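# Chains, contacts and geometry: an overview
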Amino acid sequence: MQTNSPVVTVPATAHATAVLTDWVIRELTPLVLVHAGLPDPQRLLRLPQVTATYICRPRKLRRHVRALEQILGQVHRHLAAGIQHRPPRRVTVTSAPAVPSEVLDAVGHLAAAVAELGSPVAVLANRTVLTAAGVISAGTGVVEPSETWSAAAQAYCLLVARIWQDEPTAQLRVEPR
C-alpha cells in the first residue's frame, strides 16, 4: 500500500513530545494489540495521560514503563504458546504491511528522542507495535492487515491535525513518492 501521509515536523517541546508519546502508548499500541489478538490492550488505556510534566521528569513514566514491560512479556508468552499449536506463516516481501511506514518512522524517531530524555517508555511501545504489526502482517491477527493499516493511518492523521492545532510552529510536509 502506497501512501502520501503527511509527515509532521514538530518542535522539540515537552508538550509536543508528550502528545506524541501519549498517542503511541494509549492509542496506537492498543489498536495493534487488539487487531493482532494479543493480550491486555485495555491496561494501556487505563494509564494516566502523558503530559509535559511526565516528559520533563521521566521518573513519572515508570508506571507506563512497567505496564508496557508486562504487556510485552505477556505478548511473548502468548506468541510462544501459539507457535506450539500451529506453525507460523512466514512474512514475505508480498505480505501486506499492518502499519504505514510513516507511522513506524515517527514512532521510531520518538522512541529515540524519549530515550535520550531518560525513559525507555517509547522504545517499549515501539517494540510492542512492531511485534503486533508482525503478527498482523503474517496473517495471524484477528483482522486483515489492510484494516489495521487504515485504522493506524486514520489515527495518525488525527494526531497530525491535533498537533497542527496545538503547536503553532509545527510544519507539515507531504513528500511525493
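Residues numbered from 1 in each chain as written. Predicted model: local features only at pLDDT ≥ 70, side-chain atom pairs only at ≥ 80, totals over all residues. Heavy atoms only, no water.

### Let's talk about the pattern of salt bridges
Oppositely charged side chains can form a pair if their charged atoms are brought close together. Heads up, the rule is: The rule for a salt bridge is simple: a side-chain nitrogen of Lys or Arg has to be within 4 Å of a carboxyl oxygen of Asp or Glu. For the purposes of this entry, the term helix denotes a DSSP run of H or I that reaches at least four residues, the term strand denotes a run of E that reaches at least two, and both are numbered from the N terminus. Three labels apply to residues, based on accessible area from a 1.4 Å probe with only protein chains included: buried if under 20% of the type maximum, exposed if over 50%, partly exposed otherwise in between.
Counted according to the given criterion, the structure contains 2 salt bridges. The partner of Asp-22 in a salt bridge is Arg-26, with the nearest N and O atoms 2.7 Å apart. Taken together, the positions of Asp-22 and Arg-26, both in helix H1 (residues 14–36) and 4 residues apart, correspond to about one turn of that helix. Taking the relative accessible area as the measure of exposure, Asp-22 reaches 7% and is therefore buried. With its nearest N and O atoms 3.7 Å apart, the salt bridge here joins Glu-27 to Arg-162. Taken together, the positions of Glu-27 in helix H1 and Arg-162 in helix H7 (residues 145–166) put the pair 135 residues apart, joining distant regions of the chain.

### Side note on the nonpolar core
Across soluble globular proteins, you tend to see nonpolar side chains buried next to one another. Selection rule: We define the nonpolar core as a collection of buried residues of types Ala, Val, Leu, Ile, Met, Phe, Trp, Tyr and Cys that are connected through side-chain atoms lying within 4.5 Å of one another. The contact rule is simple, with two residues in contact once any of their heavy atoms fall within 4.5 Å.
The biggest cluster of nonpolar side chains holds 46 residues, and the ones touching the most others in it are Trp-23, Ile-25, Leu-28 and Leu-44. Mapped by element, the contributors of at least two residues to this core are H1, helix H3 (52–56), helix H4 (62–85), helix H5 (101–117), helix H6 (121–137) and H7. The greatest single-element share of this core, amounting to 11 residues, is contributed by H1. Dropping the residues within four chain positions of it, Ile-25 is found in contact with Pro-30, Leu-44, Leu-47, Val-50, His-64, Leu-68, Val-121 and Ala-125.

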